[in-house]
Amino acid sequence: MSAFKYSLNSSTIKPAPVLEKIRAAAAAGYSAIELWHDDLDRHVAEGGTLQDVRKALDDTGLEVPTTVMLKGWCLPDGPEHDAGIAECRRRLEQSVIVGAKHAVAGPPHGEVDYELAGRRYRELLEMGLEMGVRPAMEYLGFAQQVNSIADALDIMERSGHPEATIVLDPFHDFRGGAGHEDIARLRPEQIAVCHFDDAPADPPASEQRDPDRVLPGDGVIDLPRFVALLRQVGYSGWVSLELFREDLWQRDPEEVARLGLERMRAICEG
């Protein structure tokens, strides 16, 4: 038996409508699905409701580890920050309706005032928790500064909030260059979700972007080490396949979902 629970990040089968993504994830054998707010907005714009989405989730038994993503929350005081927080609130309201446990808080891409980021993340957490969902700190390997586990953990610690959590991702560990070893600094309850993916040898890591990700086992990331570190800290939560490949988007969503689950299990249970 696996120590982990398996989820599908819906970006992996991006072109499908959200209700089809839910159906495909359940049919492929996942226990959960991460939903993107853009998909939820599209569903509503096309005449659907968030209650439709919640019913589909309830009917299939799928949980929602996170919704993706919150942005515009880490800015100085002013109209731009006010607008960003208003949008975060709207998205958090969506998270609550679809039953998400966490919402992914994307980091700023440029230079970062870490003291400000800590305060802003605390404010975001407090807002989310009042509504019933926990914003989780994400790092991005191609961001200028917040591109490693250590960077995200710095913001979490500066927030001083006991409910601070992180989104782990082996691709971003590889792309940012810091690797996975700082997982050992985390407590299992600090990990909201672990995205799961791989990266090719070419182009060089420093040039890779989201579309370069490959299926687990098709790349050069030391995924067994990543999994070993998760086990070492006692993590037994969600491992979620997250890819952004146009070639996979052209294939049958359920087929892609099944293949991804097989690859994750081969590594996580191997």
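A short tour of the structure in this document, coming up.

Here is what the cut-offs are and how they apply
- Residue positions are given per chain, counted from 1 along the sequence in the order it is written.
- Owing to the predicted nature of the model, reporting of local features is limited to residues with pLDDT of at least 70; listing and counting of side-chain atom pairs is limited to 80 or more, with chain, interface and lining totals taken over all residues.
- In computing side-chain properties, one takes all heavy atoms of the structure into account and sets aside hydrogens as well as water.
- Note on pairing: DSSP must find at least two bridges between two strands before they are called paired.
- Helix and strand assignments follow DSSP, with helices taken as H or I runs no shorter than four residues and strands as E runs no shorter than two, numbered in order from the N terminus.
- To obtain each axis, a line is fitted to C-alpha atoms, and for helices this fit is confined to the stretch in contact; angles are then taken between N-to-C directions over 0 to 180 degrees.
- Pairs of residues are marked as contacts when any of their non-hydrogen atoms sit within 4.5 Å.
- Polar here means any residue other than Ala, Val, Leu, Ile, Met, Phe, Trp, Tyr, Cys and Pro, which are nonpolar, and Asp, Glu, Lys and Arg, which are charged; Gly is therefore polar.
- Any pair of Phe, Tyr and Trp rings, taking the six-membered ring for Trp, is counted once the centres come within 6.5 Å. Such a pair is stacked with planes under 30 degrees apart, edge-to-face with planes over 60 apart, and tilted for the rest.
- Remark: exposure states derive from per-residue accessible area (1.4 Å probe, protein chains only) relative to the maximum for the residue type, with buried under 20%, exposed over 50%, and partly exposed in between.
- Salt bridges are identified by distance alone: a Lys or Arg side-chain nitrogen within 4 Å of an Asp or Glu carboxyl oxygen.

Digging into the sheet that holds strand β7 (residues 191–196)
With parallel pairing, eight strands are arranged side by side around a closed barrel as β1-β2-β3-β4-β5-β6-β7-β8. Across the sheet, the mean angle from the axis of one strand to that of its neighbour is 30°, orientation sign disregarded. Sheet topology note: the strand β2 (residues 32–36)/strand β3 (residues 64–70) ladder contains two bridges and is parallel. Across the sheet, residue L35 finds its bridge partner in β3, namely T67. Against the sheet, helix α4 (residues 79–98) engages β2, β3, β4 (100–105) and β5 (134–138), with an angle of about 165° to β3.

As for the packing of helix α2 (residues 37–45) against helix α3 (residues 50–60)
Contact geometry of α2 with α3 gives a least axis separation of 9 Å together with a crossing angle of 115°. Counted together, L40, H43 and V44 of α2 and L50, D52 and V53 of α3 form the full contact between these two elements. Here the residues of the contact of α2 with α3 sort into four nonpolar, one polar and one charged.

So, the packing of aromatic side chains
Any pair of aromatic rings gets described here by the distance separating the centres and the angle formed by the planes. Counted by the stated rule, this structure contains four aromatic pairs. Their ring planes at 35° and their centres at 6.2 Å tell us that F4 and Y235 sit as a pair that is tilted. Of this pair, F4 sits in the segment before β1 (5–9) while Y235 sits in the loop between α8 (223–233) and β8 (238–241), placing them 231 residues apart in sequence. The exposure class assigned to F4 is buried, which follows from its relative accessible area of 5%. Under the relative-accessibility criterion, Y235 is labelled buried at 5%.

Let's talk about the pairing of β7
Among the six residues that make up β7, six are buried, leaving the element largely enclosed by the rest of the structure. Here strand β6 (residues 166–168) pairs with β7 via three bridges, running parallel. Within β7, the position partnered with I166 by the bridge is I191. Direction of pairing for β7 relative to β8: parallel, over a ladder of three bridges. Bridging across to β8, H195 finds its partner in S240.

What about the packing of α3 against α4?
Following both chains from N to C, one finds α3 and α4 inclined at 40°, their axes separated by 8 Å at the closest point. Contact with α3, carried on its side by L50, Q51, V53, R54 and L57, involves Q94, V96, I97 and V98 of α4 and no other residues of that element. Along the lines of polarity and charge, the residues of the contact of α3 with α4 split into six nonpolar, two polar and one charged.

Comments concerning the environment of S31
Examined against the element boundaries, S31 turns out to sit in the loop between α1 (18–28) and β2. Separated by 31 residues in sequence, S31 and L62 have C-alpha atoms that sit 5.2 Å apart. What S31 contacts, discounting residues up to four positions off in sequence, is Y6, G61, L62, E63 and W238.

Topic: the pattern of salt bridges
This structure, assessed with the given rule, holds 27 salt bridges. One salt bridge in this structure joins D41 and R90, with 2.9 Å as the shortest N-O distance. In this pair, D41 is assigned in helix α2 and R90 in helix α4, connecting sequence segments 49 residues apart. Among the residues examined, D41 registers a relative accessible area of 26% and is labelled partly exposed. E115 is the partner of R158 in a salt bridge, and the nearest nitrogen-oxygen pair spans 2.3 Å.

Scope: geometric values only; no functional claims are made or implied.
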